[in-house]
Amino acid sequence: MNHKTTGLIHHPYVPPSGFEAPQPGVFKASTVYFPSVAAMRRTEWKDKTGYTYGLHGTPTSYLLEERIATLEGGAQCLLAPSGLAAIALVCLSLLKSGDEVLIPDNAYGPAKALLRSEFRDWGITHQVYDPMDPQDLARRIGPQTRLVWLEAAGSVTLEFPDLVEQVRVCKAASVSCALDNTWGAGLAFNAFDLGAGQGVDLTIHALTKYPSGGGDVLMGAVVTRDAALHLRLKLTHMRLGLGVGMNDVETVLRSLPSMALRYAAHDRTARALARWCQARSEFSQVLHPALPDSQGHAHWKALCGDGEGRAGGLFSVIVHERFSAAQVDAFCDALQLFRIGYSWGGPVSLVVPYDLATMRERWPVALARGTLVRFSTGLEAVEDLQADLARALAVLAAG
Ligand SMILES: *Cc1c(COP(=O)(O)O)cnc(C)c1O
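Read on for an overview of the structure. All of these numbers come straight from a predicted model, not from anything done at the bench. (Residues numbered from 1 in each chain as written. Predicted model: local features only at pLDDT ≥ 70, side-chain atom pairs only at ≥ 80, totals over all residues. Heavy atoms only, no water.)

Some remarks on the layout of surface pockets
- Its volume calculated, the largest pocket comes out at about 530 Å³.
- Lining the largest pocket are 30 residues, with Tyr-108, Pro-110, Ser-155, Lys-209 and Trp-344 sitting closest to its centre.
- The biggest single contributor to the lining of the largest pocket is helix H4 (residues 83–94), with 3 residues.
- Classifying every residue of the lining of the largest pocket by side-chain character gives 18 nonpolar, 8 polar and 4 charged.
- In this structure, the second largest pocket occupies an estimated 210 Å³ of space. (1 Å grid on protein atoms, 1.4 Å probe; cavity = no way out; pocket = protein on both sides within 12 Å on 5 of 7 lines; lining within 4 Å. Points joined across faces, edges and corners; volume = space filled by probe spheres on them. Helix = DSSP H or I, 4+ residues; strand = E, 2+ residues; numbered from the N terminus. Nonpolar A, V, L, I, M, F, W, Y, C, P; charged D, E, K, R; others polar.)

Observations concerning the sheet that holds strand E10 (residues 339–340)
- Reading across the sheet, the 5 strands line up as E8-E9-E12-E11-E10 and stay open at both edges, with mixed pairing between neighbours. In this open sheet, the two edge strands, each paired with only one partner strand, are strand E8 (283–287) and E10.
- Looking at chain direction, E10 and strand E11 (residues 350–354) are connected through 2 bridges and run parallel. When the bridges of E11 are listed, Arg-339 appears paired with Leu-350.
- Packed on one face of the sheet, helix H10 (residues 259–278) meets E8 and strand E9 (314–319) and runs near 15° to E9. (Pairing = 2+ DSSP bridges. Contact = heavy atoms within 4.5 Å. Axes fitted to C-alpha atoms, helices over the stretch in contact; angles between N-to-C directions.)

Description of unusual backbone geometry
- In this structure, the amide linkage connecting Ala-152 to the following residue, Ala-153, adopts the cis form with an omega of -5°.
- When you line up the elements, Ala-153 lands in the loop between strand E4 (145–151) and helix H7 (163–172).
- One non-glycine residue, Ser-174, adopts positive backbone phi at about 55°.
- Tracing the sequence through the fold places Ser-174 in the loop between H7 and strand E5 (176–180).
- Positive phi, close to 75°, is recorded for Ser-343, a residue that is not glycine.
- Its location among the elements puts Ser-343 in the loop between E10 and E11.
- By relative accessible area, Ser-343 is classed as partly exposed at 26%. (Buried < 20%, exposed > 50% of the residue type's maximum accessible area, 1.4 Å probe, protein only.)

What to know about empty space enclosed by the protein
- Taken as a whole and assessed by the stated rule, the structure comprises 1 cavity of 30 Å³ or more.
- Here the largest cavity defines a volume of roughly 50 Å³.
- Ile-87, Ile-103, Ala-107, Tyr-108, Ala-111, Trp-149, Leu-150, Glu-151 and Asp-180 together form the lining of the largest cavity.
- For the lining of the largest cavity, the class distribution of residues is 7 nonpolar, no polar and 2 charged.

Observations regarding the sheet that holds strand E1 (residues 76–80)
- In spatial order, the strands read E1-E7-E6-E5-E4-E2-E3; together these 7 strands make up an open sheet with mixed pairing. On the outer flanks of this sheet lie E1 and strand E3 (125–129), each paired with one strand and no other. Neighbour-to-neighbour, the strand axes of the sheet open up by a mean angle of 20°, direction not taken into account.

Digging into the pattern of salt bridges
- Counted according to the given criterion, the structure contains 15 salt bridges.
- Among the salt bridges present, the one from Arg-139 reaches Asp-136, with a minimum N-O distance of 3.8 Å. Highlighted residues: Arg-139 and Asp-136, both in helix H6 (residues 134–140), separated by 3 residues, approximately one helical turn.
- In this structure, Asp-201 and Lys-171 form a salt bridge, with 3.2 Å as the shortest nitrogen-oxygen distance. Pair noted here: Asp-201 is in the loop between E5 and strand E6 (202–206) and Lys-171 is in helix H7, with a separation of 30 residues, a long-range link.
- A residue is classified by how much of its surface remains accessible, and Asp-201, at 21% relative accessible area, is partly exposed.
- Residue Lys-171 is classed as partly exposed on the basis of its relative accessible area of 36%. (Salt bridge = Lys/Arg side-chain N within 4 Å of Asp/Glu carboxyl O.)

Points about the pairing of E1
- Across the 5 residues of E1, 5 count as buried, placing the element largely inside the fold.
- On E1, burial covers both faces: Gln-76, Leu-78 and Ala-80 on one face and Cys-77 and Leu-79 on the other are all buried.
- The pairing of E1 with strand E7 (residues 220–224) spans 5 bridges and is classified as antiparallel. In the strand pairing of E7, Gln-76 is matched with Thr-224.

As structure tokens, then:
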């Protein structure tokens, strides 16, 4: 090696092995070296016995996959660039032209949009079912149904379905069931062991939310307990080229140890504010699964409810219909600590007004008419958030 450049690239120094510290190392690669051509040919990318190419994982992503599988109560995990990409991966892997997929009316909106557009164009049909009526789900399962999406609690409206019964209906019809477990986050309940011998086939989890905890990372995961199902998803994952950045993986690995503590803190604050909102005449309804009069409260209690129960940081209100949508917008604008923005699970409390009529096939029978506002609590002091709400309500009343 006569040239310094070559010497820098092919440098002989190897640091001693055995370094251990609280935070795992970050291994970044597209290219991964093999000691020989024979070793290259021998190396299997389908399991975690070795390394072949950055897209198929490095020690850093293997670590996060194993930890997320443990969090969810599953056995295998695949990482995707976002929660929505994880949903798309599951659909692309398990559905083909002529198949049908069922999705609850309160599912994460962009997932419904994906089925309404690309999947419909590819000849994959879908039906939207009533999440609060397992008989409606049972009636809609037909010979073409290959996959049922479940979500608990429902996006934006936070009804809690009878998951055990929904899974039983799917199993009785031999249809795969996939749970969007972003809300429960692996902490509120165990999706693979729901009691009564039931469990979902797979979960997806937007790691963007509580696992990241910072509002600064987009990532998703698909968790399974069945090796054959995992392999099927992994083959599609590989062929689609769904990679994640190792610096993002590192960020999630760093946040995971505090996740249960943060989830409990978001939960405490959300419940305190939800109860406070119940006493305000400007709101005709407060939606939170731990409130006794909320839709599916008994199902929430049965699944997540030992002791105080577990519920995360989301709640919604229906603003009384005497207030116009513009007045509700002004209320949201008047909030100072609650920032206006999508997503949740980070340190900052967020607020979004939703026009529910454009989001649902049917207006949920249990819901009052009016504009819905969804809050997600961050990690601020509850007294400050309550004062912020009171201040903005004064603006609403004055407007
Ligand atoms: C945020 C979210 C997703 C999508 O996650 P992204 O990483 O933002 O794509 C999916 N499902 C639910 C329930 C979510 O809240």
